[in-house]
Amino acid sequence: MPTLTHRRDLVVRGILYMLAMAIPTSVSLICNEPEVLVLGALGALFALFIAPRYKPLPRTLCIGAGGLLVCMAGAVGVFTQGNNNLALIPLVMFSWLAALPRPDQAYLSLVFKNMGTAALLTHFGMTSSISAVAIYMAGLALGATLSVLGIRFGSGQGSGASPFEEFKAFKHGAVNNPLFGMAVPTTVLLCTLAAGGLHFSHPAWVGLTVLFVMHSDGATELRRIRDRALGTVGGVIAVAPLVFYISQPLPLAAFVICAALFIPYAQGGHYMLFSFIITLIVLLLIDMATLRMGGDISLLRWRLLDTILACGGVLISNLILRFITSRLNSNKKLEDAV
């Protein structure tokens, strides 16, 4: 049973996520700047996701460092635009880095994954301007501010490893096994190439889905793959009627803000719900940002196809991993017996 302190922490963090969505949305509507809506909100979300639950100064420094690394990775994506073969190099590199942190190294894992995300999205031309960087960093600053303010209202400081301790352990070899480290970039690469060969609208979405589904060595548990896939598909289905029948930003913003309240609860191991909420929020933000152009209804169809291809690739990759691991374990037992 959750304690009163734990419940208070969930409520406070839920309100912080709601504010992280509400403030950029309000600024965007007042200034009529769609970029603020998407990039500002995503920057604030990222800051709250990676915020280590420690004292204000190290918390702020770690959020800022993570944001700068993501922006630097985005710059790499700008230089590869127009050359898909060249883009494969940072894609594989960031995917490999994202596969190395262990499940308990949450800060490093999220930073590396978002670096891969930034490189892919800018490569495919989704965002690549200086103003986009400024808006994203402003959202990051908002998220950092909210995170620090949350301490005062009961968002506990936690007791896990700090990002500094994570990095020290990472530097000294505390990483996932090498087999998994190679499987993730290989799966990302093959699925992205397949999406490009099948003429998907944005092959980056497929690579990103693979990267976040194969989020740790524990992804060999097929249950997590199932939960992530069903949550994402459920999010797309839930968003469809909203996008088709609502053409005003305020009702859509209300759905985004309300959904954000449940992010902290979903982060506590409810993988299907977490995938559902994040899919719903991201798709609604993109649709709201493109309302003046008629919305982005086609994104829903592509997101379903992206999810099917990516999760299928992850499933095959994990089955192969399980087979190889079982064979290696069997051979080791035979060697020990001899």
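Procedures and definitions
Residues numbered from 1 in each chain as written. Predicted model: local features only at pLDDT ≥ 70, side-chain atom pairs only at ≥ 80, totals over all residues. Heavy atoms only, no water. Helix = DSSP H or I, 4+ residues; strand = E, 2+ residues; numbered from the N terminus. Buried < 20%, exposed > 50% of the residue type's maximum accessible area, 1.4 Å probe, protein only. Contact = heavy atoms within 4.5 Å. Areas by Shrake-Rupley, 256 points an atom, 1.4 Å probe, with all protein chains shown as cover. Axes fitted to C-alpha atoms, helices over the stretch in contact; angles between N-to-C directions. Parallel < 35°, antiparallel > 145°, perpendicular 65-115°, else oblique. Left-handed = near helix turned anticlockwise from the far one by under 90°. Nonpolar A, V, L, I, M, F, W, Y, C, P; charged D, E, K, R; others polar. pLDDT = per-residue confidence, 0-100. Phe/Tyr/Trp six-rings, centres within 6.5 Å; stacked < 30°, edge-to-face > 60°. Salt bridge = Lys/Arg side-chain N within 4 Å of Asp/Glu carboxyl O. Expected span 1.5 Å × (residues − 1). Core = buried A, V, L, I, M, F, W, Y, C linked by side-chain atoms within 4.5 Å.

The next point concerns the overall build of the protein. When its secondary structure is counted, the protein shows 14 helices and zero strands. N-terminal to C-terminal, the α/β element order of the protein is α-α-α-α-α-α-α-α-α-α-α-α-α-α. Relative to its full complement of 338 residues, the protein shows a buried share of 49%. Of all intrachain contacts in the protein linking residues separated by at least 6 positions in sequence, the fraction that spans at least 24 positions is 79%. Accessible area of the protein: about 16300 Å², with a carbon and sulfur share of 70%.

A word on the environment of Pro 24. Within the secondary structure, Pro 24 sits in helix H1 (residues 4-31). Residue classification places Pro 24 among the buried positions, given a relative accessible area of 5%. Along the chain, Pro 24 and Ala 44 lie 20 residues apart, while their C-alpha atoms are 8.6 Å from each other. Those residues in contact with Pro 24 that sit more than four places away from it in its chain are Leu 19, Val 36, Leu 37, Gly 40, Ala 41 and Leu 142.

So, about the packing of H1 against helix H6 (residues 130-152). At their nearest, the axes of H1 and H6 sit 10 Å apart, and the two run at 155° to each other. Here H1 is positioned roughly antiparallel relative to H6, judged by the angle of their axes. As H1 packs across H6, the resulting crossing turns out to be right-handed. Contacts from Val 12, Leu 16, Leu 19, Ala 20, Ile 23 and Pro 24 in H1 reach Leu 142, Leu 146, Ser 147 and Gly 150 in H6. Partitioned by chemical class, the residues of the contact of H1 with H6 number eight nonpolar, two polar and no charged.

Turning our eyes to something else, we now look at the confidence of the model for the protein. Of the residues in the protein, 86% have a pLDDT of 70 or more, and the chain-wide mean is 79. No element of the protein has a lower mean pLDDT than helix H14 (residues 298-337), at 77, and none a higher one than helix H11 (residues 249-260), at 90.

A full pass over the atoms with the stated rule returns three aromatic pairs. In textbook terms, an aromatic cluster arises when at least three aromatic residues are bridged by ring pairs, as seen for Tyr 17, Phe 49 and Phe 274.

On to the pattern of salt bridges, then. By the definition in use, this model includes two salt bridges. The closest approach of N and O atoms between Arg 13 and Asp 9, which form a salt bridge, is 3.2 Å. Taken together, the residues Arg 13 and Asp 9, both in helix H1 and four residues apart, mark about one turn of the helix. Here Arg 13 and Asp 9 have matching classes, each one buried. Salt-bridge contacts for Arg 226 lead to Asp 227; the nearest nitrogen and oxygen are separated by 2.9 Å. Residue class for Arg 226 comes out partly exposed when judged on its relative accessible area of 45%. Under the relative-accessibility criterion, Asp 227 is labelled buried at 7%.

Now for H6. Between its terminal C-alpha atoms H6 stretches 34 Å, which fits the 33 Å expected from 23 residues at 1.5 Å a residue. For H6, the set of buried residues is Ala 132, Ile 135, Tyr 136, Gly 139, Leu 140, Leu 142, Gly 143, Ala 144, Leu 146, Ser 147, Gly 150 and Ile 151.

Turning our attention to the nonpolar core. Of all hydrophobic cores here, the largest spans 49 residues; its most connected members are Phe 46, Ile 63, Phe 112, Met 115, Val 184, Val 210 and Met 214. For this core, the leading source of residues is helix H5 (residues 106-123), giving nine residues. When neighbours within four sequence positions are excluded, Phe 46 is seen to be in contact with Gly 66, Gly 67, Val 70, Leu 110, Val 111, Asn 114, Tyr 136 and Leu 140.

Once that is clear, we can look at the packing of helix H3 (residues 56-79) against H6. Put simply, H3 and H6 touch, their axes get as near as 10 Å, and they point 160° apart. In terms of orientation, H3 and H6 fall into the roughly antiparallel class. The handedness of the crossing between H3 and H6 is right-handed. Between H3, through Pro 56, Arg 59, Thr 60, Ile 63, Gly 64, Gly 67, Leu 68, Val 70 and Cys 71, and H6, the contact on the second element is made entirely by Val 133, Tyr 136, Met 137, Leu 140, Ala 144, Ser 147, Val 148 and Ile 151.

Okay, the environment of Val 210 next. Tracing the backbone shows Val 210 in helix H9 (residues 203-213). Taking relative accessible area as the criterion, Val 210 reaches 0% and is therefore assigned buried. Among all residues touching Val 210, those that are not within four sequence positions of it are Thr 187, Val 188, Cys 191, Ala 310 and Val 314.

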